[in-house]
Structure formats: structure tokens, C-alpha cells
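Residue-level listing of the chains:
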Amino acid sequence: MNLSVRIADLVMQNPVGVASGTFGYGEEYGALMDVQWLGALYTKAVTPEPRIGNPAPRLADTPAGMLNSIGLANPGLNAFIREKLPVLATGQQAAQRCAVIVNVAGRTEEDYLEVVEALEDEDGVDGYEINVSCPNVAHGGMAFGTDCILVERLTRRLRDCTQEGAHKRQGGRRRPIMVKLSPNVTDITATAMAAEAGGADAVSCINTLVGMVIDVKQKKPVLAMKTGGLSGPAIRPVGVAAVYKVSRAVSIPVIGLGGITDADDALQYLLAGACAIQVGTALFNRPETPAEVLAGITAFMEREKLDTVGDISKLLH
């Protein structure tokens with residue numbers, strides 16, 4: 001049985017990753033698990049400048065998930081390279097190693113390019129997840145992800161940047177570009193096809209849905225920014241449907257996420273056409289979820305006598 005997943009030049013040791021914004025930069029969960037057995041760690045977003053994020057309150061519970069309005073809070077590019085990347089790179093020499101995918105965000109196309117260009121000169125990075133779909137920032141983010149022309153142009157510029165970086169590095173391996181898609185559009189397949197046309201190596205879907213919670217007693221929204229991104233089990237059917245549609249519209253790999261709490265949730269994404277998955281909100285109360293998901297996927301493949309993760313999608317009737 002082969003659990004590995006290939007995206008362009010990157011081979012992940014298994015299909016289970018942890019979603020950006022839910023796992024910090026890895027060190028936060030170091031005392032709870034051996035991060036190196038994961039297929040991929042998608043870091044918290046990195047922007048050129050430090051961001052303090054949105055004002056509080058910026059989290060709200062919902063009946064089957066949560067709303068967040070963090071606003072891409074992060075220490076900025078220089079601090080990421082200086083303080084976070086060395087910790088992430090410590091597993092580089094391990095026999096078993098988790099892929100490190102840096103989530104990149106910005107207000108302008110130049111912001112995205114600045115981050116990727118700088119990281120192309122650093123060790124410890126295996127790929128980039130381009131966040132064009134965050135629904136809780138005032139500028140950038142989802143503004144890119146709802147415009148197919150912008151998605152294609154930004155992706156092409158980033159692809160050219162990583163191509164140049166590959167020529168400089170020993171071995172010449174180009175780091176893959178993965179575009180994270182927004183569900184807050186009329187047709188998510190159009191955005192996916194735009195990313196593919198721009199040279200994306202994969203797409204991940206979905207990011208959070210726009211939502212609001214109102215405090216009836218106070219007669220005002222709970223979140224300071226009024227709306228936020230809905231995640232958790234409530235959005236899983238939306239995510240599965242998006243993966244099903246996108247995987248049939250593009251020829252590049254699709255990574256599925258949104259509301260995965262157990263192996264069956266993950267298998268729905270893999271049956272729908274995803275090559276890999278990400279666990280997110282479930283980590284906040286059950287950090288053991290990724291391990292359980294991987295064990296469940298492995299058991300399913302053994303039971304169905306499958307050789308590769310890609311064979312799972314072939315079972316869907």
C-alpha cells in the first residue's frame with residue numbers, strides 16, 4: 001500500500017494535512033504530537049508586514065462549527081523567516097518528514113510576490129498555498145479569489161517566481177503553487193480553471209463561508225467585524241460538493257478541506273476526487289483527529305484492497 005501523494009515535484013508521505021490558521025507554525029502542537037508523521041503542515045498565513053489582526057471579539061460558536069474573524073494576524077515575513085522557519089526546518093533531515101506548505105496572503109499582487117520571492121531563498125519550505133479566499137480581511141484575500149482574471153494573473157506571476165527559484169537551488173526542484181479557493185462565488189469551478197490556466201500545481205477547497213452571529217439580547221453582531229468565516233462540520237457538504245465539481249473541471253490535484261472531524265468525513269472528500277485533505281477546526285478540541293483520520297483512511301484502503309490513495313476516488317459510483 002502506498003499512502004504518498006504527489007503534487008508536481010513534491011511528494012507528501014500521506015494525504016493528511018493540517019489546515020492553515022488552525023495549527024500555528026507547528027511548534028504550538030509540538031507537545032501534543034510528533035508533527036513529522038503528518039503528510040503536510042499548512043502554516044498560518046504569512047504577509048509582508050506584521051498584522052495584529054481584527055479587533056476582538058473575533059471568535060463565535062455556532063451550532064455545528066465556529067465563526068472566526070482573526071484577520072490574518074501574523075508576525076510578518078521577516079519574523080517568520082527569523083523565528084518560525086528554523087523550527088519548521090528542524091525536521092528536514094528526519095527519515096520521516098512532514099511537508100511544510102507556507103500559506104501566503106497579502107493586500108496586493110506585489111505583497112504575494114514579496115513573500116514568495118523571499119522564501120525562495122530559504123530552506124525548509126516545500127510549497128506555497130496562495131490564500132486568495134480569506135473572507136475576514138478588509139483588503140486583499142477574497143477580493144482576489146472572486147475575480148478569475150486576477151487569480152490567473154497572480155498565479156502566473158507566482159509560478160514564474162518559483163520557476164526562477166528552482167533554477168537557483170541545487171537539484172532544481174520547483175516548489176508547487178496551490179491556490180486556496182473561496183466558496184463565496186457563483187461558480188467555484190471557474191476560479192479553479194483560472195488557477196490552472198495560470199499554472200497552479202493544485203487547488204485546495206474550500207476556505208470558510210461568510211457568516212454572521214447576532215446577539216439577540218445585545219441586538220448587535222457578536223463579532224467586532226460583524227461577519228466572519230464559518231468553519232466546522234456545518235460546511236462539510238459544501239466542501240465535498242466543491243471538490244466533486246472542481247476535480248472534474250481541472251486536471252491538477254485537488255486538496256479537500258472543510259468540516260473534517262473523522263475518517264469518514266475525509267473519505268467523502270477522497271471519494272469526491274480529492275488527492276489529499278486538511279483537518280482544521282477539529283484540532284481545537286481534539287488534536288488527535290489527524291492521527292485518527294489517517295488510521296481510518298489506511299484501514300479503508302486495506303479493506304477495499306487499494307494500492308494508492310488515488311484509487312479511492314475510482315470507487316465512487
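What you see is a predicted model; the values in this text were computed from it and never measured. Numbers given to residues run from 1 along each chain, matching the order in which its sequence is written. Two thresholds apply to this predicted model, a pLDDT of at least 70 for residue-level local features and 80 or more for giving and counting side-chain atom pairs, whereas whole-chain, interface and lining totals are computed over all residues. Side-chain metrics rest on all non-hydrogen atoms present in the structure, leaving aside hydrogens and water.

Quick look at the overall build of the protein chain
For step 1, the next point in the chain: Segments assigned H or I by DSSP are reported as helices when at least four residues long, segments assigned E as strands when at least two residues long, and all are numbered from the N terminus. For the protein chain, the helix and strand inventory stands at 8 helices and 16 strands.
For step 2, the next point in the chain: To get the radius of gyration, use the C-alpha atoms; to get the globule rule, take the number of residues to the power 0.38 and multiply by 2.2 Å. Computed over C-alpha atoms, the radius of gyration of the protein chain comes to 18 Å, within 12% of the 20 Å expected from 2.2 N^0.38 for 317 residues, which places it in the range of a compact globule.
For step 3, the next point in the chain: Over its C-alpha atoms, taken along the principal directions, the protein chain stretches across nearly 55 × 45 × 40 Å.
For step 4, the next point in the chain: Buried residues are those whose accessible area, probed at 1.4 Å on protein chains only, stays under 20% of the maximum for their type, while exposed residues exceed 50% and partly exposed ones sit between those limits. Burial analysis of the protein chain (317 residues in total) assigns 56% to the buried set.

Quick word on the pairing of strand β16 (residues 276-279)
For step 1, the next point in the chain: Neither face of β16 is open: one carries Ala276 and Gln278, the other Ile277 and Val279, and all of them are buried.
For step 2, the next point in the chain: Pairing between strands requires that DSSP locate at least two bridges from one strand to the other. Strand direction decides the pairing type here: strand β3 (residues 16-18) and β16, joined by 3 bridges, are parallel. From the neighbouring strand, Val16 faces β16, where its bridge partner is Ile277.
For step 3, the next point in the chain: Sheet analysis places strand β15 (residues 254-257) next to β16, joined by 3 bridges and oriented parallel. Bridge assignment links Ile255 to a residue of β16, and that residue is Ala276.
For step 4, the next point in the chain: By the criterion used throughout, a crossover qualifies as right-handed when its path from the first strand across the helix to the second strand runs clockwise, the strands pointing away from the viewer. With helix α7 (residues 263-272) bridging β15 and the parallel β16, this β-α-β connection has right-handed handedness.

Structural notes on a negative patch on the surface
For step 1, the next point in the chain: The residues that make up patches have over 30% relative accessible area and no salt bridge, and they are joined within 9 Å when like-charged or within 5 Å when they are Val, Leu, Ile, Met, Phe, Trp or Tyr. To measure how exposed things are, a 1.4 Å probe is used in the Shrake-Rupley method; for residues, cover is taken only from the protein chains shown. Any carboxyl oxygen of Asp or Glu within 4 Å of a side-chain nitrogen of Lys or Arg constitutes a salt bridge here. None of His or the chain ends enter the tally, which takes Lys and Arg as positive and Asp and Glu as negative. Taken as the charge location is NZ of Lys, CZ of Arg, CG of Asp or CD of Glu. A surface patch of like charges, here negative, comprises Glu114, Glu117, Asp121, Asp160 and Glu164.
For step 2, the next point in the chain: Of all elements in the fold, only α2 (109-119) and α4 (148-168) reach the threshold of two or more residues within the negative patch.
For step 3, the next point in the chain: Looking at where Glu164 falls in the secondary structure, it is placed in helix α4.

Some details on the side chain of Thr162
For step 1, the next point in the chain: For Thr162, the position within the fold is in helix α4.
For step 2, the next point in the chain: Given a relative accessible area of 0%, Thr162 falls into the buried group.
For step 3, the next point in the chain: Contacts are assigned to residue pairs with any non-hydrogen atoms lying within 4.5 Å of each other. In this structure, Thr162 is in contact with Val116, Glu120, Tyr128, Arg174, Arg175 and Ile177, ignoring residues within four places of it in sequence.

Points about the pattern of salt bridges
For step 1, the next point in the chain: Enumeration according to the criterion identifies 17 salt bridges in this entry.
For step 2, the next point in the chain: Its salt-bridge partner being Glu49, residue Arg51 comes within 2.9 Å of it at the nearest N-O pair.
For step 3, the next point in the chain: Given a relative accessible area of 10%, Arg51 falls into the buried group.
For step 4, the next point in the chain: For Glu120, the salt bridge is made with Arg175, and the minimal N-O distance between the two is 3.6 Å. Taken together, the positions of Glu120 in the loop between α2 and β8 (127-131) and Arg175 in the loop between α4 and β9 (177-180) put the pair 55 residues apart, joining distant regions of the chain.
For step 5, the next point in the chain: By relative accessible area, which is 5% here, Glu120 ends up buried.
For step 6, the next point in the chain: For Arg175, a relative accessible area of 3% translates into the label buried.
For step 7, the next point in the chain: Beyond isolated ion pairs, a larger network of salt bridges with shared partners links Glu109, Glu110, Arg153 and Arg157.

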